[in-house]
Amino acid sequence: MKMRKGLMREAVAVGALFTIVFAGAPQPAANADNSRLNKMVWADVYKLQHDVGCFSDISVNPKLRLAAQWHTDDLVNNHALDGDIGSDGSTVQDRARNAGYTGTVAETIAINPALAINNLQVIQQWYYRPDYYTIMTDCSNIEMGVWSANSLDRSVVVAVFGKGEN
């Protein structure tokens, strides 16, 4: 019994010390390396396009990825946003043009109200939205840029699809 009380006091002391040391510490930003997630989302769209009969291989375009990154960052930082229009009023076509892409584009967005999201959750959100399904399975969308980011209470994935530069 004495041993248990001693251990209990030590556990309480360690817990109190932990609370004192970490309670005032700033919360870390949820900056993760999402490159694997981004690649998996691209791979899922690639497979889906081939499943519906597309013959071309959708390629990654750095300009579209940059446009996706801009909107992802905007959505993560502005919880009032949940669609294609940016906090500055920009559209997906505006962002693509500002990133140097001259072709026609479309966009899909996945938002999860949590720290994390995975590629299956993303594709499931997009697959069951007729407008997003149409974008993903449009064989004329031959280029794609994907970006994702997380905050403690929100994860966002944006994909920008392009039909090729003019």
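Source: prediction; values computed, not measured.

Draft legend 1. Representation of the pairing of strand β2 (residues 105-112). Most of β2 is tucked away, with seven of its eight residues classed as buried. The pairing of β2 with strand β4 (residues 154-162) spans eight bridges and is antiparallel. Its bridge partner lying in β4, I109 is registered against V158.

Draft legend 2. Molecular detail of the packing of aromatic side chains. Across all of its chains, the model carries four aromatic pairs by this definition. Judged by centre distance (6.4 Å) and plane angle (85°), the ring pair of W126 and Y132 falls under edge-to-face. Residue W126 is classed as buried on the basis of its relative accessible area of 0%. Relative to Y133, the ring of Y127 lies with its centre 5.1 Å away and its plane at 85°, an arrangement referred to as edge-to-face. When its relative accessible area of 36% is taken as the criterion, Y127 is described as partly exposed. With a relative accessible area of 28%, Y133 lands in the partly exposed category. A connected cluster of aromatic rings, assembled from ring pairs, spans Y127, Y128 and Y133.

Draft legend 3. View of the packing of helix α2 (residues 35-51) against helix α5 (residues 119-127). Following both chains from N to C, one finds α2 and α5 inclined at 45°, their axes separated by 9 Å at the closest point. Here α5 runs oblique to α2, going by the angle between their axes. α5 is crossed by α2, and the crossing has right-handed handedness. Contacts from L37, M40, V41, D44, V45 and L48 of α2 reach α5 at N119, V122, I123, W126 and Y127. In the contact of α2 with α5, the residues fall into nine nonpolar, one polar and one charged.

Draft legend 4. Inspection of α2 at higher detail. Over its 17 residues, α2 runs 24 Å from end to end, which matches the ideal 24 Å to within 8%, given 1.5 Å per residue. Among the residues of α2, L37, N38, V41, V45, L48 and Q49 are the ones counted as buried. End-on view of α2: buried residues confined to an arc of 115°, all on one side of the axis. Along α2, the residues that are exposed and aim more than 90 degrees away from the buried face are R36, K39, K47 and D51. In this fold, the buried residues of α2 make contact with α5, α6 (130-136), β3 (143-151) and β4. G53 sits one or two residues past α2 and shows a positive phi near 105°.

How each quantity is defined
Residues numbered from 1 in each chain as written. Predicted model: local features only at pLDDT ≥ 70, side-chain atom pairs only at ≥ 80, totals over all residues. Heavy atoms only, no water. Buried < 20%, exposed > 50% of the residue type's maximum accessible area, 1.4 Å probe, protein only. Helix = DSSP H or I, 4+ residues; strand = E, 2+ residues; numbered from the N terminus. Pairing = 2+ DSSP bridges. Phe/Tyr/Trp six-rings, centres within 6.5 Å; stacked < 30°, edge-to-face > 60°. Axes fitted to C-alpha atoms, helices over the stretch in contact; angles between N-to-C directions. Parallel < 35°, antiparallel > 145°, perpendicular 65-115°, else oblique. Left-handed = near helix turned anticlockwise from the far one by under 90°. Contact = heavy atoms within 4.5 Å. Nonpolar A, V, L, I, M, F, W, Y, C, P; charged D, E, K, R; others polar. Expected span 1.5 Å × (residues − 1). Arc of directions from axis to C-beta.

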